[in-house]
Amino acid sequence: TRFPPEPNGYLHIGHAKAMFIDFGMAERYDGHCCLRYDDTNPTAEKDEYIEHIQEIVQWMGWKPFKITYSSDYFQELYELAVELIVNGHAYVCHQTGDEISEYRQLKKDSPWRNRPIAESLKLFEDMRLGLVDEGAATLRMKGDMQNENFNMYDLIAYRIKFAEHPKAGDKWCIYPSYDFTHCIVDSLEDISHSLCTLEFEPRRASYYWLLEVLDLYKPVVWEYSRLNITNTVLSKRKLNKLVTDGYVSGWDDPRLLTLSGLRRRGATPEAINNFCRDIGISRNISDIPYHKLEHHMRTHLEEAAERRLGVVCPLKVTIENMAADEVVTCKAKRHPGKPELGTYDLGIGNVVYIEESDFREEDHKTYYGLAPGKMVMLRYAFAVKCVGFEKDDISGKVTLVRCERVEVAKPPKGVIHWVASEAIAKKAGGERFGPIRAEIRMYESLFTTENVAEVEDWLADLNPGSLQVVQGCMLSAPFRSANVGDKFQVERVGYFCVDPDTSEDKVVLNRICSLKESTQAKGVKGKKK
């Protein structure tokens, strides 16, 4: 098999499915898969994209049997084009793009379709030598203008482009089309199974016709449905629009389903490949709910991610019966299911910070957080009881909760997470327990409508709440040793990844996904159009 991306953009999750099929099928049947760059359009291709593709293929866990380029075969392709002319199966045409489209609609032959073979050979040589203006001529395959299949209507085989090629340099000024190149290179590389998405199915006729008239080996062609996911776009044109016009921060924006975006968000290759395995291979075209992908992220991270403590919206708590200089050390599990990973130390003093949502002024029987007169367990530490609270006079917002440490025979049912205050680092024995200030980026669907393709003004459907940046978050001291790309479960909050924007002064975390599937994902779907 072969994985044949065009190096004119960044790979997205649809390419992950293609890789899973191309590399996965070869692996399953003890075969080989080549990574082949379909680099026939020098004006759209960049070394940046070539390097990105190779890096992403490796990150996804795939090892190509060999790496090739369609441009490796430019000489053979040119010679086969000459052979096609000699055998009466191609001709040089001077119609414009609009004229070609018009004649195809009418099933009408080009005025130059039956020009003498010698004349086409001479003109094609002039094209190769750069003696014909760009756009003044193309080489077209002489298919069947009366065929029921539109892809048999004298497809373009070569066009003139006075552009330097990223790999071939300035050797050529004529470049082969996809329809001419793809099937021939499949044959030259001895591909046994040419796997592609269903939009290429109508091209199967021209694929086999060209190999037949050139008397070349014919691989098996097999199509499957492309991947569509709700509330996003995977079109290269639309992705490019979002990036170049600044609707997102770049090709690796964590809201995009580009593979670099998913990697920056914190998705793992294992989760993406498991998602591809779960959705299967079929010819049925449907929109896969985004929460299926999140499910596989969550499942893999539950098993792989170490645990840490952190608070998104800090609320100050004083423990009134602890001495001001007291520091209690407690052990926290790195992973509850992996005792071999051991524990890490946390320090707690007479001031801690909890999540704002873990305190209520009025208790309720289904609520397990702090409330006046109520006890909770501080995760990994001890039980505390709320003895009072203070509010801002103007806003009415709770600004401080007063508690006391209590000894209990049976731990209370409610367990909440916490982070030590900055003051602990100034106490004897608490120097290593000082918290870290952080910025946390919360992500939601990039678009509000499930099927964005059906929205006429798709940019107007962008979700204004797709990114929420929360400043002033607090993380426990062990985050100091975290590196960019590290993934953690912040207990009771969600799964997070350390973003490249992290600096010595501030940690930046991207939320990968929540701890549990949201109510919306379970049944309350986005709006449809």
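Please read all numbers here as calculations on a predicted model, not as lab measurements.

1. So, the overall build of the protein chain
Of the regular secondary structure elements, the protein chain holds 12 helices and 27 strands. Computed over C-alpha atoms, the radius of gyration of the protein chain comes to 31 Å, more than 25% over the 24 Å expected from 2.2 N^0.38 for 529 residues, which places it beyond the range of a compact globule. The burial tally for the protein chain puts 53% of its 529 residues in the buried class. Long-range contacts, defined here as pairs at least 24 residues apart, represent 69% of the contacts in the protein chain between residues at least 6 apart. Here the protein chain displays about 24,700 Å² of accessible surface, and carbon together with sulfur accounts for 48% of that area. Counting 70 positive and 80 negative side-chain charges, the protein chain places the averaged centre of each group 6 Å from the other.

2. Topic: the UniProt feature "domain: Glutamyl/glutaminyl-tRNA synthetase class Ib catalytic" (unreviewed entry) in the protein chain
UniProt tags residues 1–302 as "domain: Glutamyl/glutaminyl-tRNA synthetase class Ib catalytic" (unreviewed entry). A helix fraction of 41% and a strand fraction of 13% characterise residues 1–302, whose end C-alpha atoms lie 34 Å from each other.

3. Notes on the nonpolar core
Ranked by size, the top nonpolar core spans 43 residues in total, and within it Phe3, Ile13, Met19, Leu259, Leu262 and Met297 carry the most contacts. Of all the secondary structure elements, the ones that give two or more residues to this core are helix 1 (13–28), strand 2 (34–37), helix 2 (47–59), helix 9 (259–265), helix 10 (269–279), helix 11 (290–304), strand 26 (494–498) and strand 27 (507–513). Counting contributing residues, this core receives three or more from each of domain 1 (1–224) and domain 2 (225–304 + 436–475 + 482–520). Apart from the residues lying within four places of it in its own chain, the contact partners of Met297 are Leu262, Ala267, Ala271, Tyr290, Ile512 and Cys513. The next biggest cluster of nonpolar side chains, apart from the first, holds 38 residues, and it includes Ile85, Cys183, Ile184 and Val221.

4. Looking at the domain arrangement of the protein chain
What the domain assignment reports for the protein chain is domain 1 (1–224), domain 2 (225–304 + 436–475 + 482–520) and domain 3 (307–434). Each of domain 1 and domain 2 has a C-alpha centre, and these two points are 34 Å apart. At the junction of the two partners, domain 1 supplies 26 residues and domain 2 supplies 29 residues. Here domain 1 packs against domain 2, burying approximately 2,500 Å² in sum over the two surfaces, 68% of which is carbon and sulfur. Here Glu201 ties to Arg283 by a salt bridge, and the two come within 2.8 Å at their closest N and O atoms. Where domain 1 touches domain 2, the interface holds nine residue pairs in polar contact (both at pLDDT 80 or more).

5. Focus: the pairing of strand 18 (residues 375–378)
Across three bridges, strand 18 lies against strand 19 (residues 383–391) in antiparallel orientation. Paired with Val376 across the two strands is Val384, which belongs to strand 19. What sits between strand 18 and strand 19 in their antiparallel hairpin is a turn of four residues, with Tyr380 showing a positive phi close to 70°. With two bridges connecting them, strand 18 and strand 21 (residues 415–416) associate as parallel partners. Bridge pairing in strand 21 links Leu378 to Ile416.

6. Describing the packing of aromatic side chains
As enumerated under the stated definition, the model contains 19 aromatic pairs in all. Plain terms: the ring middles of Tyr78 and Trp172 are 5.7 Å apart, the flat faces sit at 50° to each other, and that makes the pair tilted. Of this pair, Tyr78 sits in helix 3 (residues 74–86) while Trp172 sits in the loop between strand 6 (156–160) and strand 7 (174–176), and the two are 94 residues apart along the sequence. Its relative accessible area of 8% is what places Trp172 among the buried residues. Pairing Tyr178 with Phe200 gives two aromatic rings, centres 5.6 Å apart and planes at 40°, and the pair type is tilted. Of this pair, Tyr178 sits in helix 6 (residues 178–188) while Phe200 sits in the loop between strand 8 (193–197) and helix 7 (204–213), and the two are 22 residues apart along the sequence. Judged by its relative accessible area of 23%, Phe200 is partly exposed. A network of ring pairs unites the aromatic residues Phe74, Tyr78, Phe124, Tyr158, Trp172, Tyr175 and Phe180 as a single cluster. For Lys167, the ring lying beneath its charged end belongs to Tyr69, and the centroid distance is 4.6 Å.

7. Here we look at the sheet that holds strand 5 (residues 138–141)
The strand order across the open sheet formed by four strands is 4-5-6-7, and the pairing between neighbours is antiparallel. The outermost strands of the open sheet, each flanked by one partner alone, are strand 4 (90–93) and strand 7. The mean angle between the axes of side-by-side strands here comes to 20°, regardless of whether they run parallel or antiparallel.

8. Re the sheet that holds strand 18
As summarised here, the arrangement of the seven strands in space is 21-18-19-20-14-17-22, forming an open sheet in which the pairing is mixed. Every other strand in the sheet has two partners, leaving strand 21 and strand 22 (418–420) as the edge strands with one partner each. Here five bridges tie strand 14 (residues 314–319) to strand 17 (residues 351–355), and the two strands are oriented antiparallel to one another. Paired with Val317 across the two strands is Val352, which belongs to strand 17.

9. Things to note about the packing of helix 3 against helix 5 (residues 117–128)
Helix-helix packing is described using two parameters, namely the angle between the two axes and the distance between the axes. Interhelical geometry of helix 3 versus helix 5 gives an angle of 160° and a closest axis separation of 9 Å. Of the possible angle classes, the one that applies to helix 3 and helix 5 is roughly antiparallel. When you trace helix 3 past helix 5, the crossing you get is right-handed. Of helix 5, the residues touching helix 3 (which contributes Tyr78, Ala81, Val82, Ile85 and Val86) are Ile117, Ser120, Leu121, Phe124, Glu125 and Arg128. Residues belonging to the contact of helix 3 with helix 5 are distributed by class as follows: eight nonpolar, one polar and two charged.

10. Here's the deal with unusual backbone geometry
Its identity as a non-glycine residue notwithstanding, Asp154 has a phi of 45°, on the positive side. Among the structural elements, Asp154 can be located in the loop between strand 5 and strand 6. What makes Asp154 buried here is its relative accessible area of 0%. Phi at Asn231 is positive, roughly 60°, even though this residue is not glycine. Considering the arrangement of structural elements, one finds Asn231 in the loop between strand 10 (228–229) and helix 8 (236–244).

Rules behind the numbers
- Residues numbered from 1 in each chain as written.
- Predicted model: local features only at pLDDT ≥ 70, side-chain atom pairs only at ≥ 80, totals over all residues.
- Heavy atoms only, no water.
- Helix = DSSP H or I, 4+ residues; strand = E, 2+ residues; numbered from the N terminus.
- Rg over C-alpha atoms; globule rule 2.2 N^0.38 Å.
- Buried < 20%, exposed > 50% of the residue type's maximum accessible area, 1.4 Å probe, protein only.
- Contact = heavy atoms within 4.5 Å.
- Areas by Shrake-Rupley, 256 points an atom, 1.4 Å probe, with all protein chains shown as cover.
- Lys, Arg positive; Asp, Glu negative; His and termini not counted.
- Charge placed at Lys NZ, Arg CZ, Asp CG, Glu CD.
- UniProt positions renumbered as here; feature names shortened; annotations may be inferred.
- Core = buried A, V, L, I, M, F, W, Y, C linked by side-chain atoms within 4.5 Å.
- Domains from an automatic or database assignment.
- Buried area = accessible area lost by both parts, 1.4 Å probe.
- Salt bridge = Lys/Arg side-chain N within 4 Å of Asp/Glu carboxyl O.
- Polar contact = N/O pair within 3.5 Å; in protein donor to acceptor, adjacent residues only side chain to side chain.
- Pairing = 2+ DSSP bridges.
- Phe/Tyr/Trp six-rings, centres within 6.5 Å; stacked < 30°, edge-to-face > 60°.
- Lys NZ or Arg CZ within 6 Å of the ring centre and 35° of its normal.
- Axes fitted to C-alpha atoms, helices over the stretch in contact; angles between N-to-C directions.
- Parallel < 35°, antiparallel > 145°, perpendicular 65-115°, else oblique.
- Left-handed = near helix turned anticlockwise from the far one by under 90°.
- Nonpolar A, V, L, I, M, F, W, Y, C, P; charged D, E, K, R; others polar.

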